[in-house]
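# Structural overview for review
Read off the chains here:
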Amino acid sequence: MHIHFIIHEHFEAPGAYETWAQTHGYAISYSRVYLGDSLPTSIEDIDLLIVMGGPQNPQTSLKQCHYFDADAEQALISKAINARKSVLGVCLGSQLIGESLGATYQQSPEREIGKFPITLTQEGLTHPLFAHFDKELKVGHWHNDMPGLTPVAKVIAYSQGCPRQIVAYSDLVFGFQCHMELTKALVTDLIDNDDLSNSKEHRFVEDAEVLLNHDYDEMNQKLMTFLDKLTDYYQLNPPSVQL
């Protein structure tokens, strides 16, 4: 398996996604666009494309952020989807997946920063890749927006503050608005690069002390089991024979 990460900021690192890939000994490559890395010119050798989050949104222009090319990333995502590769987006990444499929991202009803429950929908409860999730699971959040929905997209999970936390765009393409990859080290970096001074003005924004005292291990393990299931499915149904 070859996993390729698109990383928009150093403080939006892959966390548990990267740990999972390293544990399995998978080939890993990166486009750290904030350092000037280019996007892959070919997806032929990539099995799983993981597009991480960032403070940008899909409408952020190159003039506003010179290293973030939303159109180029969406084109790469489309190429991977059309080639029947597995694609996973986190936060901004999930919104870019939706955009690449013609579904416009939207502002979430609530800003969410912290560890709050997500609830599985009926689609989520019956989806084989999420069978190990409890109906309700506390996970990490750090967002203002949410991904758009295509006509065939299925909402797998929602939260009290956001109706689109996990979206299945197809059997191989998933958007995670939530941040199940967070670790305490990642949370420390996020705190250092965000303004939480008005946290008490939002129902679902925790202050730094609370954020740093959470245990993120359980959600990391749930995420890794999902990734195991996804890659098992992909390997049993390689692009050349998938319908």
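Our structure is the block above this text.
Given the structure is predicted, the values throughout are model-derived calculations rather than measurements. (Residues numbered from 1 in each chain as written. Predicted model: local features only at pLDDT ≥ 70, side-chain atom pairs only at ≥ 80, totals over all residues. Heavy atoms only, no water.)

Enumeration over the complete set of coordinates arrives at nine aromatic pairs. On the numbers, 5.3 Å between centres and 65 degrees between planes, the contact of Trp 20 with Tyr 26 is edge-to-face. On the basis of an interplanar angle of 85 degrees and a centroid distance of 5.3 Å, the ring pair of Phe 174 and Phe 226 is categorised as edge-to-face. Of this pair, Phe 174 sits in strand E9 (residues 173-176) while Phe 226 is found in helix H7 (residues 217-236), placing the two residues 52 residues apart along the sequence. For the residue pair Phe 174 and Phe 226, the accessibility class agrees, reading buried in each case. Taken together, Phe 130, Phe 133, Phe 174, Phe 176 and Phe 226 form an aromatic cluster joined through their ring pairs. Residue placement shows Lys 115 over the ring face of Tyr 216; its charged tip is 5.9 Å from the ring centre. (Phe/Tyr/Trp six-rings, centres within 6.5 Å; stacked < 30°, edge-to-face > 60°. Helix = DSSP H or I, 4+ residues; strand = E, 2+ residues; numbered from the N terminus. Buried < 20%, exposed > 50% of the residue type's maximum accessible area, 1.4 Å probe, protein only. Lys NZ or Arg CZ within 6 Å of the ring centre and 35° of its normal.)

Okay, the environment of Lys 200 next. Here Lys 200 is to be found in the loop between helix H5 (184-192) and strand E10 (204-205). Spatially, the C-alpha atom of Lys 200 lies 26 Å from that of Pro 147, the residues being 53 residues apart in sequence.

On to the side chain of Lys 115. With respect to the element layout, Lys 115 can be found in strand E5 (residues 106-120). With no salt bridge to any partner, buried Lys 115 finds its closest opposite charge in Asp 215, at an N-O distance of 5.6 Å. The residues contacting Lys 115, other than those within four sequence positions of it, are Lys 138, Val 139, Gly 140, His 141, Glu 206, His 214, Asp 215 and Tyr 216. (Lys, Arg positive; Asp, Glu negative; His and termini not counted. Salt bridge = Lys/Arg side-chain N within 4 Å of Asp/Glu carboxyl O. Contact = heavy atoms within 4.5 Å.)

This paragraph deals with helix H2 (residues 70-82). With 13 residues, H2 extends 18 Å between its outermost C-alpha atoms, agreeing within 8% with the 18 Å of an ideal straight helix rising 1.5 Å per residue. All of the buried residues along H2 are Ala 70, Glu 73, Gln 74, Leu 76, Ile 77, Ala 80 and Ile 81. Projected down its long axis, H2 shows its buried positions confined to an angular sector of 160 degrees, all on one face. Exposed side of H2, more than 90 degrees from the buried face: Asp 71 and Asn 82 are the residues found there. Structurally, H2 contributes buried residues whose contacts are with strand E1 (2-7), strand E3 (48-51), strand E4 (86-90), helix H3 (92-100) and E9. Once H2 finishes, Arg 84 follows within two positions and takes phi at roughly 60 degrees, a positive value. (Expected span 1.5 Å × (residues − 1). Arc of directions from axis to C-beta.)

Inspection of helix H1 (residues 16-24) places Ala 16, Tyr 17, Glu 18, Trp 20 and Ala 21 among the buried residues, and these make up the whole buried set. For H1, the secondary structure elements touched by its buried residues are E1, strand E2 (27-32), E3, E4, E9 and H7. With its phi angle positive at about 75 degrees, Gly 25 sits one or two positions after the end of H1.

A separate point is the packing of H1 against H7. H7 packs onto H1 with a crossing angle of 55 degrees between their chain directions and a minimal axis gap of 10 Å. Classified by the angle between their axes, H1 and H7 sit oblique to one another. In this structure, H1 meets H7 at a crossing whose hand is right-handed. Only Asn 220, Leu 223, Met 224, Leu 227, Asp 228 and Thr 231 of H7 make contact with H1, whose side of the interface consists of Ala 16, Tyr 17, Thr 19, Trp 20 and His 24. Looking at the contact of H1 with H7 residue by residue, the class counts come to six nonpolar, four polar and one charged. (Axes fitted to C-alpha atoms, helices over the stretch in contact; angles between N-to-C directions. Parallel < 35°, antiparallel > 145°, perpendicular 65-115°, else oblique. Left-handed = near helix turned anticlockwise from the far one by under 90°. Nonpolar A, V, L, I, M, F, W, Y, C, P; charged D, E, K, R; others polar.)

Now for unusual backbone geometry. Of note, the phi angle at Arg 84 is positive, near 60 degrees, even though the residue is not glycine. Tracing the sequence through the fold places Arg 84 in the loop between H2 and E4. Its identity as a non-glycine residue notwithstanding, Cys 91 has a phi of 55 degrees, on the positive side. Mapped onto the secondary structure, Cys 91 falls in the loop between E4 and H3.

Moving on: the packing of H2 against H3. The N-to-C vectors of H2 and H3 enclose an angle of 70 degrees; their axes lie 9 Å apart at closest approach. Judged by the angle between their axes, H2 and H3 are roughly perpendicular. In this structure, H2 uses Ala 70, Glu 73, Gln 74, Ile 77, Ser 78 and Ile 81 to contact H3, whose residues at the interface are Leu 96, Ile 97, Glu 99 and Ser 100. Residues of the contact of H2 with H3, tallied by class, amount to five nonpolar, three polar and two charged.

In this section: the layout of surface pockets. The space that makes up the largest pocket amounts to roughly 280 Å³. Lining the largest pocket are 18 residues, with Glu 12, Gly 54, Pro 55, Trp 142 and Asn 144 sitting closest to its centre. Among the elements of the structure, H3, E5 and strand E6 (136-146) are those that each provide at least two residues to the lining of the largest pocket. A total of four residues in the lining of the largest pocket trace back to one element, the largest contributor, which is E6. Reported here for the second largest pocket is a volume of approximately 200 Å³. (1 Å grid on protein atoms, 1.4 Å probe; cavity = no way out; pocket = protein on both sides within 12 Å on 5 of 7 lines; lining within 4 Å. Points joined across faces, edges and corners; volume = space filled by probe spheres on them.)

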